[in-house]
Structure formats: structure tokens, C-alpha cells
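Spelled out, the chains give:
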Amino acid sequence: MPVNANSQESSQLITELQKNRELWRSQPLKNYQYNYQQQCFCPSPGNTPLKVSVKNGKITQVIDLKTNQAIADLTYPKTIQQLFQIIAEAIEKKAYEILVTYHSTLGYPTRIAIDYQKMLADDEVTYTVENLSKLD
């Protein structure tokens, strides 16, 4: 159920964010990969499923899962740490609705859905993270 960040429920969002951010930081994962998608009213590679590789906190490779081709723009997808920051900023900006699902054992966000303004069309954005695994 979406949470209205203007309500008292925003404190619940902050508590969940802090708890899961700490859980994520406690993981021994410095190098990892995951499937990532940002669904929005935005240009490509938006709405494209991507495989993202992260080493020491920096994105090192992005593969378009539809074409299996590398994407040169490593700034488009977000690292897990950047996704936590997006959640924090949405809470701070008092987004109209925020829905976050966290991985139960690792703490990273698996789905973030944000609607920044109630009456504004096309400002919604959803981020998904799936199949996170350790890289050697």
C-alpha cells in the first residue's frame, strides 16, 4: 500500500529506510550484479531491463538484457546506495506516494515506486532490482 509522505506514515518510511540501509551496509558485498529497471516516462534506456555490475561502489558494466549489448552510459542505472538516496530524497521532498519493498535478508530495495505529485501526470517512477548476486 502506498504511503503518503506528508502524513505521519513518513516516520515509518524513515525507520524502514534506516533499518534496511544499515542491514545492507552490514553485508560483505562490495562487488555485485543485479537486474535493474527504471520504469518512467523517460527516454531510453529508461524502461529497458539492464544487468548492472558494481565493483567497490561504482558501476563498471551495464548490459541491455533485450539485446545483450553493453551500454556506454554507466550513469543511468543506480547503485544500491543511490537507490537508498532516492528513497531518502522522496521522503524529504514529501512525495505524494512512496512504496518501497526491501529484500528480507540483505536489506536492499527490490522495488521503489514514487509518485511525486498527486495531480501531475507522468511524474511517477518505479525502480526494480532483481537477482542480486555477488561478483568475484
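The coordinates are above.
Now for a quick tour of the structure. It should be emphasised that the depicted structure is a prediction, and the values quoted were computed from it without experimental measurement.

## Describing the pattern of salt bridges
Link 1 in the chain: If you walk through the whole model with that rule in mind, you get two salt bridges.
Link 2 in the chain: Linking Glu16 and Lys19 is a salt bridge whose minimum nitrogen-to-oxygen distance equals 3.8 Å. Residue Glu16 and its partner Lys19 are located together in helix H1 (residues 9-25), separated by three residues, close to a single helical turn.
Link 3 in the chain: In this structure, Glu22 and Arg25 form a salt bridge, with 3.0 Å as the shortest nitrogen-oxygen distance. Within this pair, Glu22 and its partner Arg25 are both found in helix H1, separated by three residues, close to a single helical turn.
Link 4 in the chain: Owing to a relative accessible area of 44%, Arg25 belongs among the partly exposed residues under this scheme.

## Structural notes on the side chain of Thr126
Link 1 in the chain: With respect to the helices, strands and loops of the structure, Thr126 is situated in strand E7 (residues 125-134).
Link 2 in the chain: Ignoring sequence-local partners within four residues, the contact set of Thr126 consists of Gln37, Gln38, Gln39, Arg111, Ile112 and Ala113.

## A look at the environment of Lys51
Link 1 in the chain: The topology assignment puts Lys51 in strand E2 (residues 50-55).
Link 2 in the chain: Note on Lys51: relative accessible area 25%, which makes it partly exposed.
Link 3 in the chain: Along the backbone, Lys51 and Asn35 are 16 residues apart, and their C-alpha atoms lie at a distance of 4.5 Å.
Link 4 in the chain: Lys51 has contacts with Gln33, Tyr34, Asn35, Gln61, Val62, Ile63 and Leu65, leaving out every residue within four places of it along the chain.
Link 5 in the chain: Reaching out from Lys51, the side chain makes a polar contact with the side chain of Asn35 at a distance of 3.3 Å.

What counts as what
- Every chain's residues receive numbers from 1 upward, in the order its sequence appears when written.
- It should be noted that, the model being predicted, local features are given only for residues of pLDDT at least 70 and side-chain atom pairs only at 80 or more, the latter also being counted only at that level, while totals for whole chains, interfaces and linings use all residues.
- Side-chain metrics rest on all non-hydrogen atoms present in the structure, leaving aside hydrogens and water.
- Salt bridges are defined by distance alone: a side-chain nitrogen of Lys or Arg within 4 Å of a carboxyl oxygen of Asp or Glu.
- To qualify as a helix, a DSSP run of H or I must reach at least 4 residues; to qualify as a strand, a run of E must reach at least 2; elements of each kind are numbered from the N terminus.
- Residue exposure (1.4 Å probe, protein chains only): buried if accessible area is under 20% of the type maximum, exposed if over 50%, otherwise partly exposed.
- Residue contacts follow a heavy-atom distance rule, with two residues in contact if any of their heavy atoms lie within 4.5 Å.
- Any pair of N or O atoms that falls within 3.5 Å is considered a polar contact. Within protein, one atom must be able to donate a hydrogen and the other to accept it, and sequence-neighbouring residues count only if both atoms are side-chain atoms.

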